[in-house]
Amino acid sequence: MTTVLHRPPTAPEPLARRASAANPRRARGGRRRGPGVGVVLALAFLVFLGVAAAWPSLLQTHDPLEITPDLLAPPSAEHWLGTDENGRDTYSRIVGGAREAVLLGFGAVTLSLVGGSLLGVLAGLGNRLVETVVMRFVDIGLAFPEMLLALVVIAVSGRGARNALIAIGIAGIPTFARLVRAQTLTIRRSSYVESARGLGLTERAVVLRHVLPNAVRPVLVLATIGVGTASVAGAGLSFIGLGEAPPAPSWGVMLSTARNFLANSLWGALFPGLAITLLVVSVTVVGRRLQRGTGAAR
Amino acid sequence: MSELAAGRRARSALTTARSSAARPLGRTAARVLGAVGVLWGAATITYAAVYLTPGDPAYAVLGGPDANPTPEALAAVREQYGLDRPWWVQYLAFLGGAVTGDFGESYQRRLPVTTVIAEQAGATVQLAVAAGALAVVLAVVWALLTANRRRAVRGTASVVDLTLASLPGFWLGILLLSVFSYRLGWLPAIGNEGLASLVLPTLTLALPLAAVLAQVVRNVAEETFEQPFVISARARGLSDTAVRLVHVLRHSLISLTTMAGYLVAGLLGGAVITETLYSRQGLGRTLLSAVSTKDMPLVVGLVVLSAAVYVLVNLVVDLLYPLIDPRLGRQA
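So, how was this worked out
Residues numbered from 1 in each chain as written. Chains lettered and ligands numbered in written order. Predicted model: local features only at pLDDT ≥ 70, side-chain atom pairs only at ≥ 80, totals over all residues. Heavy atoms only, no water. Helix = DSSP H or I, 4+ residues; strand = E, 2+ residues; numbered from the N terminus. Buried < 20%, exposed > 50% of the residue type's maximum accessible area, 1.4 Å probe, protein only. Contact = heavy atoms within 4.5 Å. Areas by Shrake-Rupley, 256 points an atom, 1.4 Å probe, with all protein chains shown as cover. 1 Å grid on protein atoms, 1.4 Å probe; cavity = no way out; pocket = protein on both sides within 12 Å on 5 of 7 lines; lining within 4 Å. Points joined across faces, edges and corners; volume = space filled by probe spheres on them. Nonpolar A, V, L, I, M, F, W, Y, C, P; charged D, E, K, R; others polar. Salt bridge = Lys/Arg side-chain N within 4 Å of Asp/Glu carboxyl O. pLDDT = per-residue confidence, 0-100. Phe/Tyr/Trp six-rings, centres within 6.5 Å; stacked < 30°, edge-to-face > 60°. Polar contact = N/O pair within 3.5 Å; in protein donor to acceptor, adjacent residues only side chain to side chain.

Looking only at helices and strands, chain A has 12 helices and zero strands in total. Ordered by position from the N terminus, the helices and strands of chain A form the series α-α-α-α-α-α-α-α-α-α-α-α. Counting only residues that meet the buried cut, chain A has 54% of its 298 residues in that class. Intrachain contacts of chain A at a sequence separation of at least 6 include 71% that bridge at least 24 residues. Looking at chain A as shown, the accessible area adds up to about 13100 Å², and 66% of this sits on carbon and sulfur atoms.

Structure below.
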């Protein structure tokens, strides 16, 4: 889960920036025209998932819970992606599991982003005492590898899909808080914030209209990429039995049951994992594109 | 307190605009103190979260919410585990114990937490060291082979990186299992017996981590190619291969130290899923079962131990980095 940003937390940045500015090839690579095939495919897959999450019955060919005698079947015209150990249609179950994956990814990242932004802005703008207290908590949060922090939350709150979402969301808060604080510190001293103050705007208006949006926007782009890793984390929790419970169609649960039937058939395990992987790849491709487009953070 | 604050501030000097003018020795002491403070906070928060959970721990000892113990049994358990004492006495006892490495007794195993950890640690350390080493070697080799090459090579490499980095470890593991255990029958599917049983878990854990590391190493390597010392090495007539092996390799290894914390976090978190997938013994699977059965002393012990390892690694990297790359020492 630490892969949220796919970047080292303490990269030697000044060196890196100087060097890449002097590298003409990289600069040219950064200015591409049009969205490219990869981005279009990624968006198409994300739209498919969005529809599957909102109206699963629109895309399903079978009832995802319907048990048939056709056990562990390979892909066929009747069952596009085969069937599982109870003869349930794998394709329809993957479509059914999209809601959990999408809700979990977006829900958890939203929670991290909102919590992290509140703490980050508070630390960036507050007086020394507030900053010290908030950042000490953030430091302590960062002392846990994210997966373990999520497990602690589940140990306390119990298992289940909703608790898994909350656990992953909380685990991401410290990272976002640190990023937003760094942004806030820069913006607080920027000329446009000073001009806004000079024009006589109240402190509240300055914070709400200028500091908050500008501190959060670059982090928002990084959050897109975080959606993918959050869904993987959620699927991982379901896989080890702490998230969504069977028989609900959930990618993690499907993989964990399919693992027991590997000796007979790979099909049940192949496609749910492929769906997760495609989700992560798509989100990352789109996120990186956004990052380049806006020239965003870090 | 102010010393602690100064320590944390110095610690983040690399990432924030603030700089500390403290002398190197004072800064080291402050950072160590800061790490100790963070660890204390982490232990306290874990303890508080776990023990403020609704539900009487005495029930967890006696077999979970479905058990129907007698009031006498409950009272006996409360007394045995000190659950009848005021919360602050329990907390102080916990802290005192934690400092001396005593985290109480596991509710399920009825053994000291440290004994359970000691018994399980070997398997996890084995797996983590193997996977960490493999991830680093793969990342460096792959990144140095592909850095600063033709556009097509770099494009392919980055697609491979992205795909591998996006693979959920548990799915990768299932695919490996399916091919190497069930189809080919080369390697065992479960257990801890022998080196053969270590191969698949190691690959499962290492490959996605290697892909993320490779992305970073390649970026650094490509920037290194523009550095004056590389240009001067080229001017001296060194071949491309020699430049890669001597100068770029060394520079990339340095950049990799900043990723040590990321790597350790990935290994610790990944161990939970990997050990479960392969039914291996180890700390990860022990933690999962402790979480499932609400075996709180074991959860707290394992989580505090992991946080300690993670904080320690980050501290060492923090302290070593300016020594390895003197330019950063001067900047901070």
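Attention shifts here to empty space enclosed by the protein. Residue and element names in this part refer to chain A. A complete count under the given rule lists six cavities of 30 Å³ or more for this structure. Considered as a void within the structure, the second largest cavity measures approximately 110 Å³ in volume. The wall of the second largest cavity is formed by Leu72, Asp84, Glu85, Arg88, Thr90, Arg93, Met254, Thr257, Ala258, Phe261, Ser265 and Gly268. Elements supplying a minimum of two residues to the lining of the second largest cavity: helix H5 (90–125) and helix H11 (251–259). The biggest single contributor to the lining of the second largest cavity is H11, with three residues. Grouping the amino acids of the lining of the second largest cavity by side-chain chemistry returns four nonpolar, four polar and four charged.

On to the pattern of salt bridges, then. Residues and elements named next belong to chain B. Inspection of the entire model under this criterion finds nine salt bridges over all chains. Residue glutamate 119 pairs with arginine 109 through a salt bridge whose shortest N-O separation is 3.0 Å. One end of the pair, glutamate 119, is in helix H6 (residues 113–146); the other, arginine 109, is in the loop between helix H5 (87–99) and H6, with 10 residues separating them in the sequence. For aspartate 161, the salt bridge identified is with arginine 218, shortest N-O distance 2.6 Å.

Take the confidence of the model for chain B next. Residues and elements named next belong to chain B. This prediction gives chain B a mean pLDDT of 80; 88% of its residues lie at or above 70. Note that pLDDT drops below 50 for residues 1–22; the model gives that stretch 33 contacts with residues more than four away or on any other chain. Here the predicted complex scores 0.80 on pTM and 0.79 on ipTM.

A separate point is the environment of aspartate 295 of chain B. Residues and elements named next belong to chain B. Here aspartate 295 is to be found in the loop between helix H13 (283–292) and helix H14 (296–324). Taking C-alpha positions, aspartate 295 is 41 Å from glycine 26, a pair spaced 269 residues apart along the chain. What aspartate 295 contacts, discounting residues up to four positions off in sequence, is Ser106, Tyr107, Gln108, Arg109 and Ala290.

Below, the discussion takes up the packing of aromatic side chains. Tallied over the entire structure, the rule returns seven aromatic pairs over all chains. For the ring pair phenylalanine 45 of chain A and phenylalanine 48 of chain A, a centre distance of 6.4 Å and an interplane angle of 25 degrees mean the geometry is stacked. Highlighted residues: phenylalanine 45 of chain A and phenylalanine 48 of chain A, both in helix H3 (residues 36–54), separated by three residues, approximately one helical turn. When its relative accessible area of 32% is taken as the criterion, phenylalanine 48 of chain A is described as partly exposed. Plain terms: the ring middles of phenylalanine 239 of chain A and phenylalanine 170 of chain B are 5.1 Å apart, the flat faces sit at 20 degrees to each other, and that makes the pair stacked. Note that phenylalanine 239 of chain A is positioned in helix H10 (residues 203–239) and phenylalanine 170 of chain B in helix H8 (residues 169–183), a pairing that runs across two chains.

In this section: the side chain of histidine 62 of chain A. Residues and elements named next belong to chain A. Along the chain, histidine 62 falls in the loop between helix H4 (56–59) and H5. With a relative accessible area of 16%, histidine 62 lands in the buried category. Only 3.1 Å separates the side chain of histidine 62 from the side chain of threonine 61, close enough to count as a polar contact. Apart from the residues within four sequence positions on either side, histidine 62 is in contact with Glu78, His79, Asp89 and Ser92.

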